[in-house]
Amino acid sequence: MESIVKQSLLYDFYGELLTEHQRTVYEDVVFNDMSLSEIAEEQGISRQGVHDLIKRCDKILSGYEEKLHLISKFQQTREMVGEIQKLTREFKETEDMELIRQIDQISSDIIEL
């Protein structure tokens, strides 16, 4: 995953678990595209302090994903729903009952996630 995309996903899923200060700084880097120097000046801390805070937040958020796997489950579910949509379109064209069995299996797999 590209770094910014990965950071955005991690933040979307686990950002609320960071402190308010960590969230503010992390949002400035990831979503507001601010430089470390800009954030340091705004927050009244050193540039190195901002850098360390971002690295620490990345580690914390990645740790949550390693333990909870919410992002990977979300991505699996999206792929499976896409497959259901594809099979449903095919069924409308062919009325092949095997497709219904496949849809049923995929939906059961989603429920088990």
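Residues numbered from 1 in each chain as written. Predicted model: local features only at pLDDT ≥ 70, side-chain atom pairs only at ≥ 80, totals over all residues. Heavy atoms only, no water.

Engineer: Give a detailed account of the overall build of the protein chain, specifying residues and quantitative values.
Structural biologist: Scanning the protein chain from terminus to terminus reveals six helices and zero strands. Each helix and strand of the protein chain, ordered N terminal to C terminal, gives the series α-α-α-α-α-α. Relative to a compact globule of 113 residues, whose C-alpha radius of gyration would be 13 Å, the protein chain shows 20 Å and is clearly more extended. Every one of the 113 residues in the protein chain was classed for burial, and the buried ones make up 29%. For the protein chain, contacts bridging at least 24 residues in sequence account for 52% of all contacts bridging at least 6. The centroid of the 13 positive side-chain charges in the protein chain is displaced by 4 Å from the centroid of its 24 negative side-chain charges. (Helix = DSSP H or I, 4+ residues; strand = E, 2+ residues; numbered from the N terminus. Rg over C-alpha atoms; globule rule 2.2 N^0.38 Å. Buried < 20%, exposed > 50% of the residue type's maximum accessible area, 1.4 Å probe, protein only. Contact = heavy atoms within 4.5 Å. Lys, Arg positive; Asp, Glu negative; His and termini not counted. Charge placed at Lys NZ, Arg CZ, Asp CG, Glu CD.)

Engineer: Let's hear about a negative patch on the surface: which residues, and what values?
Structural biologist: Residues D33, E38, E41 and E42 make up a contiguous surface patch of negative charge. Within the element layout of this structure, E42 appears in helix 3 (residues 36–43). (Patch = residues over 30% accessible without salt bridge, like charges linked within 9 Å, V, L, I, M, F, W, Y side chains within 5 Å. Areas by Shrake-Rupley, 256 points an atom, 1.4 Å probe, with all protein chains shown as cover. Salt bridge = Lys/Arg side-chain N within 4 Å of Asp/Glu carboxyl O.)

Engineer: So what's going on with the environment of N32? Residues and values would help.
Structural biologist: Counting through the fold element by element, N32 comes out in the loop between helix 2 (20–30) and helix 3. C-alpha of N32 to C-alpha of I84: the two residues are 52 residues apart in sequence and 36 Å apart in space.

Engineer: A description of the nonpolar core should follow, citing residues and the corresponding values.
Structural biologist: Grouped together as the largest cluster of nonpolar side chains are 18 residues, with contacts concentrated most on V25, Y26, V29, V50, I54 and L61. At the level of elements, helix 1 (3–14), helix 2, helix 3 and helix 4 (47–68) are the ones that each hand at least two residues to this core. Top element by residues in this core is helix 4. It accounts for five residues. With residues up to four places along the chain from it excluded, the contact list for Y26 reads Q7, Y11, F31, I54, C57, D58 and L61. One finds I84, L99, I103 and I106 within the second-largest nonpolar core, a separate group that totals six residues. (Core = buried A, V, L, I, M, F, W, Y, C linked by side-chain atoms within 4.5 Å.)

Engineer: Requested: an account of the pattern of salt bridges, with residues and values cited.
Structural biologist: Taken as a whole and assessed by the stated rule, the structure comprises three salt bridges. E83 serves as the salt-bridge partner of K86, at 3.5 Å between the closest nitrogen and oxygen. Of this pair, K86 and E83 both sit in helix 5 (residues 70–94), three residues apart, roughly one helical turn. In this structure, K86 and E90 form a salt bridge, with 3.7 Å as the shortest nitrogen-oxygen distance. Placement of the pair is K86 and E90 together in helix 5, with a separation of four residues, close to one helical turn.

Engineer: Give me the confidence of the model for the protein chain: which residues, what numbers.
Structural biologist: Looking at the protein chain, pLDDT values average 92 and 99% of them are 70 or higher. Ranking the helices and strands of the protein chain by mean pLDDT puts helix 4 first, with 97, and helix 6 (residues 97–112) last, with 86. (pLDDT = per-residue confidence, 0-100.)

Engineer: Which residues make up the environment of E95, and what values do they have?
Structural biologist: Residue position: E95 is located in the loop between helix 5 and helix 6. Here E95 falls in the exposed class, since its relative accessible area comes to 60%.

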